[in-house]
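# An overview of the molecular structure
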Amino acid sequence: MSSRRSGSGASRITDDQIIDLVAKLQQLLPELRNRRSNKASASKVLQETCNYVRSLHKEVDDLSDRLSRLLSTIDDDSPQASIIRNEFTQTFPIIEFLRVY
Amino acid sequence: MSPSQQPTSTNPSSLKNQFAHRFIRALKTLNHTKTGAAHDHNQMYRRSIRVKIASYTAMASVVGSRRAWSRAVLWKIIKRSRNQGLLLRKRKRRNPNPKREDFNPFRNSGQELKLRKLVPGAETMDSWCLMGETADYIKCLVAQVEVMKTLVDLYSIT
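## A short note on the overall build of chain B
Helix and strand counts for chain B come out as five helices and zero strands. Tracing chain B from N to C terminus, the helices and strands come up as α-α-α-α-α. Within chain B, the fraction of its 158 residues that count as buried is 43%. Element-wise, carbon and sulfur atoms account for 52% of the exposed surface of chain B, whose accessible area totals about 9,100 Å².

So this is what it looks like as structure tokens:
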């Protein structure tokens, strides 16, 4: 396919851009992050990416499980629960006057 | 209910904060009444699924329509809540970069297919977009996990 159509930006992806993108992805992966000496191959990065996403999904599953168990042991209306919620919302502050309700 | 006016940049702390608020709000609406000892495994399992869905939905709604993966997640939730059968027309988003269809440096890599299955909405996008979406998706997953860990720790103290 020729790249004669212009329209939305770069007409051809350069090798440098590919390398750059793979390197950026590599920076996000805990397994490969510290390998500054040699850039990992693209397929290695892809593989680690898959593994990492799977492990993150699994973590969300586990945390959801734990959380649902914990929530079922505490009455939502108790002062204890509201203390926890306040603590939580203070740990993650958002600008009050922009808050959505 | 108007959408939040706070800029949803990819600033990680802003992402976490907004996710935290939406998530805790969603959790409040979930039914967590105690039914004696939770011996019913099926019920516990269903509760856990609801928390998980609340978590992914909260994060996807913070990101909103900016990303293909978040659109895919929200769309899936909408479809689910409309009970599939009623939805007649599936809205297909046109590929914004049709010229890049031939861009496939990982053509022979089976890993790319695996990745497409893991990232929501990634099945049909070109490889270039896939990389960008994956990076954003990972950042959001990490934020999601951190916030959930904090909440679990808080509830565990008591």
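## Looking at the state of the cysteines
On inspection of all chains with the given rule, the structure shows zero disulfides over all chains. Residue C50 of chain A stays outside any disulfide, its sulfur separated by 17 Å from that of C129 of chain B, the closest cysteine. Assessed through its relative accessible area of 0%, C50 of chain A is described here as buried. Not part of a disulfide, C129 of chain B finds its nearest cysteine sulfur in C140 of chain B, a span of 16 Å.

## Here we look at the packing of aromatic side chains
Residues and elements named next belong to chain B. Counted by the stated rule, this structure contains three aromatic pairs over all chains. Measuring from ring centre to ring centre gives 5.3 Å for F19 and F23, while their planes differ by 10°; the resulting arrangement is stacked. One end of the pair is F19 and the other is F23, both in helix α1 (residues 12-29) and four residues apart, which spans about a single turn.

## Overview of the confidence of the model for chain B
Residue and element names in this part refer to chain B. Averaged over all residues, the pLDDT of chain B is 80; the fraction at 70 or higher stands at 70%. Scored below 50 in pLDDT, residues 1-9 makes 18 contacts in the model with residues more than four places away or belonging to other chains. Two numbers describe this predicted complex: its pTM, 0.78, and its ipTM, 0.78.

## Regarding helix α3 (residues 68-81) of chain B
All names here are of chain B. Spanning 14 residues, α3 covers 20 Å between terminal C-alpha atoms, matching the ideal 20 Å at 1.5 Å per step. Every buried residue of α3 is listed here: A68, W69, S70, V73 and W75. Of the surrounding secondary structure, the elements contacted by the buried residues of α3 are α2 (41-63) and α5 (127-157).

The rules behind the values
Residues numbered from 1 in each chain as written. Chains lettered and ligands numbered in written order. Predicted model: local features only at pLDDT ≥ 70, side-chain atom pairs only at ≥ 80, totals over all residues. Heavy atoms only, no water. Helix = DSSP H or I, 4+ residues; strand = E, 2+ residues; numbered from the N terminus. Buried < 20%, exposed > 50% of the residue type's maximum accessible area, 1.4 Å probe, protein only. Areas by Shrake-Rupley, 256 points an atom, 1.4 Å probe, with all protein chains shown as cover. Disulfide = S-S within 2.5 Å. Phe/Tyr/Trp six-rings, centres within 6.5 Å; stacked < 30°, edge-to-face > 60°. pLDDT = per-residue confidence, 0-100. Contact = heavy atoms within 4.5 Å. Expected span 1.5 Å × (residues − 1).

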